[in-house]
Amino acid sequence: MEDMTEALLGFELESDNNDDRTQPLERTHSRAMCAMAFSLRWQSAHASHTDQLVVRKLNLWRDILPYELEPDLMGKPVDHVARRTFRAGELIVPFQSDLCFNLSQRAFHRGLRNNSYIEPRAGRFYPRAFIGGSRGIFPEEVLPFRICRVSDDMICCDLNNPLSDKTLDLQARILDIWESGEEHGGSCNDVAEMVTANGPGMQARWRGEATDFWQDIPFSRMAGEPDAGFYAMSRMVSHIDRTASAQIGKLYRRLLPEGGRVLDLMASWESHLPADHGLGRIDGLGMNAEELAANPLFGERCVHDLNLNPTLPYRDGEFDAVICSLSVEYLVKPFEVFAEVARVLRPGGRFIVTFSNRWFPPKVINVWEAIHEFERPGLVMEYFLRDGMFENLETWSTRGLPRPADDKYADRRQDSDPVYAVWGCRP
């Protein structure tokens, strides 16, 4: 099995701001502190999924490791990797049928959020407060639950963790080890809960049924004027921090074909490709000529508004791969664009979509803002699945990396921007 933490992380923990990281250690022991990268793999009906979480400060005396993995993580050096496959219900609480139940439509608190009226939609996740008062749920609960099905008078709710019925492959990689300081209280963290709670699993359909993202005017935006005016001014800014950008680059390096011709869709002045990308010709299509001209990687540049005209100005099968970085959330005609991408890809060509949790508020589509961060890969998966033009779908996420110390947000955010990716191949 490929070591995903080896292939995709490759960062320096020295950029982290840990004042208590004192004496480095050669091996773990029961009183040590350490940093670990956890990679959780699982399979849904339509895709393979990998969700990574870097935990930068584990107390091996107090925090709880999965007991099946713990023996293979103690007394081990930096870069040691431990793996274990867990049957459904072994790593986390198994699926419980009594946590799936029907409620009257009246039990869903549509007016819970100020100045907003929320309708329950099949397959979507909502904070439990939306059904507060039912089944002993407190009105303040924020843990997500899923609406499975919706009828005229009833909603079917599922309070189970979306991974509760999945086989889970968990990999742990030791990144750093140091001597623990003097204890002054603190909390006990359960690693199994950390890597599976409030996110992973939410990107998959419920029992293979398509998620209803399409009501509530999903592709409208705060700023409804044509995009040409908004993008007329160049914005030579980085939309994610350097660490997150490097993760996208490592992903592209692994997935893009050596020497291949690549289209950078909705491109700007930086493509998040590594210096050793090993590609052939790279073409860029975007909204601002000055930004495209500033990107030294492009062999050909094209200013084109996909929201006005989703037809790509390229021949059938012209590219070995297409990438779309940090921009899919602005598409108002995603199905048409994805169909066009399939057209310009050669058979076996891959389309890779990457994004984070930052965007231009006036131009982001409504549904993107309305859904949970881990539902967004599910939304993009629906774009891939809609017309059956892609196969071998995968999703990937990484969270918990340290933000660079010189980043302009370092005083407010310790974690690097999360990165999410969805990709598929043309048959």
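In this report, the structure presented in the accompanying data block is examined.

1. Quick word on the pattern of salt bridges
Any two side chains of opposite charge can pair if their charged atoms end up close together. What the rule picks out here adds up to 27 salt bridges. The salt bridge partner of Asp-216 is Arg-121, with a shortest N-O separation of 2.6 Å. Of this pair, Asp-216 sits in the loop between helix 2 (191–196) and helix 3 (227–230) while Arg-121 sits in the loop between strand 4 (100–104) and strand 5 (125–127); the two residues are 95 residues apart in sequence, bridging distant segments of the chain. By relative accessible area, which is 43% here, Asp-216 ends up partly exposed. Asp-241 serves as the salt-bridge partner of Arg-403, at 3.6 Å between the closest nitrogen and oxygen. You can see Arg-403 sitting in the loop between strand 14 (391–399) and strand 15 (419–425) and its partner Asp-241 sitting in the loop between helix 3 and helix 4 (242–255), a full 162 residues away along the chain.

2. Quick notes on the pairing of strand 13 (residues 345–355)
Of the strand pairs in this sheet, strand 12 (residues 319–325) and strand 13 are connected by 6 bridges, and their pairing is parallel. Across the sheet, Phe-319 pairs through a bridge with Leu-345, a residue of strand 13. Between the parallel elements strand 12 and strand 13, the chain passes through helix 6 (residues 334–344) in a crossover that is right-handed. In the sheet, strand 13 pairs with strand 15 via 6 bridges, with the strands oriented antiparallel. By the bridge assignment for strand 15, Phe-351 is matched with Gly-424.

3. So, the sheet that holds strand 13
Read across the sheet, 11 strands follow the order 3-8-1-2-14-15-13-12-9-10-11 without closing on themselves; strand pairing throughout is mixed. Each end of this open sheet is capped by a strand with a single partner; those strands are strand 3 (81–86) and strand 11 (298–303). Across the sheet, the axes of successive neighbouring strands diverge by a mean angle of 15°, strand direction being ignored. For strand 10 (residues 282–286) and strand 11, the ladder comprises 5 bridges, and the chain directions are parallel. Of the residues in strand 11, the one forming a bridge with Gly-284 is Arg-301. Along the sheet face, helix 6 touches strand 9 (262–267), strand 12 and strand 13 and points at about 140° away from the line of strand 13. Helix-sheet contacts for helix 8 (residues 376–385) involve strand 2 (48–59), strand 13, strand 14 and strand 15, and the interaxial angle to strand 15 is about 15°.

4. Let's talk about empty space enclosed by the protein
On inspection of all chains with the given rule, the structure shows 3 cavities of 30 Å³ or more. Empty space within the largest cavity amounts to approximately 470 Å³. Along the walls of the largest cavity sit 30 residues, with Tyr-231, Met-266, Ala-267, Ser-268 and Ser-327 positioned nearest its centre. When residues of the lining of the largest cavity are traced back to their parent elements, those giving at least two are strand 9 and strand 10. If one sorts the elements of the lining of the largest cavity by residue count, strand 9 sits on top with 4 residues. In terms of residue class, the lining of the largest cavity is made up of 14 nonpolar, 10 polar and 6 charged. In this structure, the second largest cavity encloses a volume near 60 Å³. Along the walls of the second largest cavity sit Gly-123, Arg-146, Met-202, Gln-203, Ala-204, Arg-205, Thr-211, Phe-213, Glu-375, Gly-378, Met-381 and Glu-382, which together make up its complete lining.

The rules behind these values
Residues numbered from 1 in each chain as written. Predicted model: local features only at pLDDT ≥ 70, side-chain atom pairs only at ≥ 80, totals over all residues. Heavy atoms only, no water. Salt bridge = Lys/Arg side-chain N within 4 Å of Asp/Glu carboxyl O. Helix = DSSP H or I, 4+ residues; strand = E, 2+ residues; numbered from the N terminus. Buried < 20%, exposed > 50% of the residue type's maximum accessible area, 1.4 Å probe, protein only. Pairing = 2+ DSSP bridges. Right-handed = clockwise from strand over helix to strand, strands pointing away. Axes fitted to C-alpha atoms, helices over the stretch in contact; angles between N-to-C directions. Contact = heavy atoms within 4.5 Å. 1 Å grid on protein atoms, 1.4 Å probe; cavity = no way out; pocket = protein on both sides within 12 Å on 5 of 7 lines; lining within 4 Å. Points joined across faces, edges and corners; volume = space filled by probe spheres on them. Nonpolar A, V, L, I, M, F, W, Y, C, P; charged D, E, K, R; others polar.

Shape is all these values report; function is a separate question.
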